[in-house]
Each structure stands twice: as C-alpha cells, then as structure tokens.
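Chain and residue survey
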Amino acid sequence: MNKNFEPDDKFVEKLEWQLASEYRRANRLRPAVGRIAVPRGLAIVLLAVGFLTTGVTVIKASEMIKDSWRKKIEVARAGTDIRLAQARLEAVRSESARTKRLFLVGVVSNEENRLAELDAALSELNVTRAQVGLAEVEATGEASCGRLSAPTAG
C-alpha cells in the first residue's frame, strides 16, 4: 500500500483536537435540559397535592356514577310501588262498592260496610304515600324513609 494515505502524527493530533472541539460545540448548542424553577421539595409537595386532588375527584365521580344507578333503581322501585298501590286501590274500591250494594240490600251489616270504606280510604292513603315516596326518591336519590326530616315531608 502507498504511504501517502497513512496518517502522520501531526494529522492525528489535529484530528483529535477538531473532534473534541466539534463535540464541545455540539453539546453547547444542544437545547437546555428542562428544570423546575421552584425548589425540589416544593415541587414534590405540589405534585403530591395534585395527585391527591385527582384521586379525590376520581373517587367522587365514581360515587356519582354509582349513585345515579342507585337512583334509577330506587325511582323504578318507587314507580312499581305506585302501580301496585293503584292496582290494590282499584280492587279495594270495587270490593267496597260491592259491599255497599250488599249493605243497601241488607245482606251485610253496617260494620262490614264501614270496614270496606275504611279499607278503601287506607288504600287511597297508600297511593298518596307511594307518590310522596317517589317524589322523595327523585329529590334525594335514596329510598324514602318516612321521617319528618325527609325533604318531601318538610
């Protein structure tokens, strides 16, 4: 091989200097590493507070979703209670009307007639109570409790 293409010591020395100079220049022009402008302890505390706040928010959101399903179930149950109470009211009214006809004819006693009328009045009260229970469930999202402190009772 020809000796013209073999590097001499001076060339190797200059090459090392140029490579080191180019390496320093490339590192100097590199974008700055992102740093936090606040003290590290404060940044950690702020991150912890942020994570806790996010966690609380997620927990509250999941509770709201769960409560919305519970509310839908309670509203459906209260609606079913109203329909059942209305069906019972219709049956009791027809029985009360039959008892009244029999009383007017003289087949049943006055006491039986009064009991049938009382049963009809109680059935009407149960329908009203079921409707108030539905209003309470829609207001609170929980099953009606019948207490005086309930929103619909007040």
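Look above for the structure.
To start, this report covers the structure provided alongside it. It should be emphasised that the depicted structure is a prediction, and the values quoted were computed from it without experimental measurement. All residue numbers refer to positions counted from 1 along the written sequence of the respective chain. Only residues with pLDDT of at least 70 get local features here, since the model is predicted, and only at 80 or more are side-chain atom pairs given and counted; chain-wide, interface and lining totals rely on the full set of residues. For the side-chain quantities, the full set of heavy atoms in the structure was used; hydrogens and water were omitted.

Attention shifts here to the overall build of the protein chain. When you go through the protein chain residue by residue, the secondary structure sums to 3 helices and 0 strands. A run of DSSP states H or I qualifies as a helix once it reaches four residues; a run of E qualifies as a strand once it reaches two. Both are numbered from the N-terminal end. Helices and strands in the protein chain line up, N terminus first, as α-α-α. The buried share among the 154 residues of the protein chain stands at 16%. Contacts in the protein chain between residues far apart in sequence, at least 24 positions, make up 54% of those at least 6 positions apart. We get accessible surface area from the Shrake-Rupley algorithm with a probe of 1.4 Å; when it comes to residues, only the shown protein chains can shield them. As presented, the protein chain carries roughly 12900 Å² of accessible surface, and 61% of it is formed by carbon and sulfur atoms. Residue exposure (1.4 Å probe, protein chains only): buried if accessible area is under 20% of the type maximum, exposed if over 50%, otherwise partly exposed. Working rule for contacts: check all heavy atoms of both residues, and any pair within 4.5 Å makes them a contact.

Right, let's get into the nonpolar core. What we call a nonpolar core is a set of buried Ala, Val, Leu, Ile, Met, Phe, Trp, Tyr and Cys residues that are connected through their side-chain atoms within 4.5 Å. Core analysis: the biggest nonpolar cluster contains 5 residues, these being Ala 78, Ile 82, Ala 130, Leu 134 and Val 137. Put simply, the parts of the chain that give this core at least two residues each are helix H2 (40–105) and helix H3 (110–140). The greatest single-element share of this core, amounting to 3 residues, is contributed by H3.

With that out of the way, let us pick up the pattern of salt bridges. Salt bridges are defined as contacts in which a side-chain nitrogen from Lys or Arg sits within 4 Å of a carboxyl oxygen from Asp or Glu. As enumerated under the stated definition, the model contains 8 salt bridges in all. With a closest N to O distance of 3.1 Å, Arg 77 and Glu 74 form a salt bridge. Remark: Glu 74 and Arg 77 occur in helix H2; sequence separation between them is 3 residues, near one turn of the helix. Its relative accessible area of 35% is what places Arg 77 among the partly exposed residues. Looking at Glu 74, the relative accessible area reads 15%, which means it is buried. Where Arg 93 meets Glu 90, a salt bridge forms, and the shortest distance between an N and an O atom there is 3.8 Å. On the criterion of helical spacing, the pair formed by Arg 93 and Glu 90 is a turn pair, its members being 3 residues apart in helix H2. With relative accessibility at 38%, the residue Arg 93 sits in the partly exposed group.

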